[in-house]
Every structure is written in structure tokens, then in C-alpha cells.
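# Structural overview for review
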Amino acid sequence: MSARDNILRRLRQREDGPLQAPESDFSVMTGRGWSQEERLSRFERLITSVHGEVHHVSRDTWTTSLLDLLQAKSIERLALGKTHPVAREARRALAESDISLVDVDRPIEDWQREQFDNVDAGLTSTGGAIAETGSLWLWPTQDEPRLLSLAPPIHIAVLDADSIENTFYELVINRDWSAEMPTNALLISGPSKTADIEQTLAYGVHGPKELIVLVRN
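Residues numbered from 1 in each chain as written. Predicted model: local features only at pLDDT ≥ 70, side-chain atom pairs only at ≥ 80, totals over all residues. Heavy atoms only, no water.

### Concerning the nonpolar core
In summary, soluble globular proteins display a tendency toward joint burial of nonpolar side chains. Quick note on the threshold: Residue types Ala, Val, Leu, Ile, Met, Phe, Trp, Tyr and Cys, when buried and joined through side-chain atoms within 4.5 Å, form a set referred to as a nonpolar core. Note on exposure labels: buried denotes an accessible area under 20% of the residue type's maximum, exposed denotes more than 50%, and partly exposed covers the range between, all computed with a 1.4 Å probe on protein chains only. A run of H or I in DSSP becomes a helix once it reaches four residues, and a run of E becomes a strand once it reaches two; helices and strands are each numbered from the N terminus. Only heavy atoms matter for contacts: two residues are in contact if any of them lie within 4.5 Å across the pair.
In terms of nonpolar packing, the biggest core is built from 20 residues, with Trp62, Leu66, Leu70, Leu78, Leu123, Ile156 and Leu214 touching the most fellow members. Residue assignment for this core shows that the elements contributing at least two residues are helix H3 (62–72), strand S2 (77–80), helix H4 (85–94), strand S4 (121–125), strand S7 (154–160) and strand S12 (210–216). Those residues in contact with isoleucine 156, other than ones at most four positions away along the chain, are Leu66, Leu69, Leu70, Ile75, Ala121, Gly122, Leu123, Thr124, Ile212 and Leu214. One finds Ile47, Leu138, Leu211 and Val215 within the second-largest nonpolar core, a separate group that totals 17 residues.

### Brief notes about the packing of aromatic side chains
Two descriptors summarise a pair of aromatic rings, namely the distance from one centre to the other and the angle between the planes of the rings. Selection criterion: Between the rings of Phe, Tyr and Trp (Trp by its six-membered ring), a pair exists once the centres lie within 6.5 Å; its type follows the angle of the planes, with under 30 degrees stacked, over 60 edge-to-face, and the other angles tilted.
Applying the stated criterion across every chain, the model contains 4 aromatic pairs. Ring plane angle 85° and centroid distance 6.0 Å describe the contact between phenylalanine 168 and tryptophan 177, whose orientation is recorded as edge-to-face. The exposure class assigned to phenylalanine 168 is partly exposed, which follows from its relative accessible area of 38%. With a relative accessible area of 4%, tryptophan 177 lands in the buried category. Chaining the aromatic ring pairs together yields one cluster made of Trp137, Trp139, Phe168 and Trp177.

So, in C-alpha cells, the structure goes:
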């Protein structure tokens, strides 16, 4: 009998029965007990501490605030989706403005240079946010591809205040990710940043230099 067969035989003949996976204890990742107001306050404090920018807007008039923001930032070309409710509302509100709306539902080969060289900002929806880390989470789709939040120099994200979870664990459980795991979920905790060997931070080197969150209340 080989060593392998001997080990397997001993495992099969255990007197105390087959091996059982230990119970998982997720208590360290739960039990925060924050209210909606506390979640929002914590999220805002953490994301602004790393140069994120937060604007509180009304659900009914958020597109007016968006237009004011685009004009204040001198944004002339805005990339956005077409079918998501956030994109549809934005398109209706900006249809008569001087801002050019750039379609993103195209093969990357057809507009790769355009999105890196000629787009001023990208507008996306969000799935929600995480209070504990001050992070947004995005679920990219063909309508809102991953590069929409990564390539333009400014990323504008629309977040509903009541969609903020306490922790990442509670996000995964409450949104039932095990049943429909996204192929490419994004966690965003501020604008793009990197540091050299002396730990000097630089923003916008590998992605957007500005992250603007429109929190709809």
C-alpha cells in the first residue's frame, strides 16, 4: 500500500466520523448598528479624507445640480451610459446644454484614444457604498463599462443615501452576491493615487484625478 493510499484509508476510517468544516465566525464583520445618518456621515468623512468630493443633492433636482457642477468644472465632454435610469435622467437634463454627451456602448477599439484624450469626465451610477471604509461599489455593465469610471480625468458617481451598507460583509450578504456574483465589481475609495519610494502621494496618475460623489437624499 502506498503512502497516499494509507493516508486516505486512515481518513476514511476515522473513529470520530468524517472531517467537518469548522463553523465560520463573522461577528467581527457585523454588528456595527449604525443608523442611516451615521452611515452617511462616516462614508463622507472617510472618502473626503482622501480627496473625494461629496455634494448633497435632491432626488428630484439632482440633474440641475449636475449641470451646475459640470459648468463649474468647465466640463465640455461627458461620457455616460444610455439605459440606466441615472444615465437617462442625465441625458434628458443635458440635452439642451452645450455639453457634448459621449456614448460608451461601443467596442473599445473604436474609441480608445477618444476616451483617454478627449473626454473630460465620466458619469456612473453606483450600487451603493460601504460606511466602514468610505468606499463606493460599482457593478460595471455593457451600458456602464469599467473604463467609464477609470479612464476620464474626473469621475462623477451618483449615490443614493439609503444604499450605504455598514460593512463589505453586510453588502455581500444583503445584496445576495453568492447568487449572482458580478464578474467585475469595483470598490472605489477616492480618486486615483500612488506614491513614490519616499511616500509622496500623486493623484490622477493611473486613473481619475478627481472623484465627485453626488449623494441623493
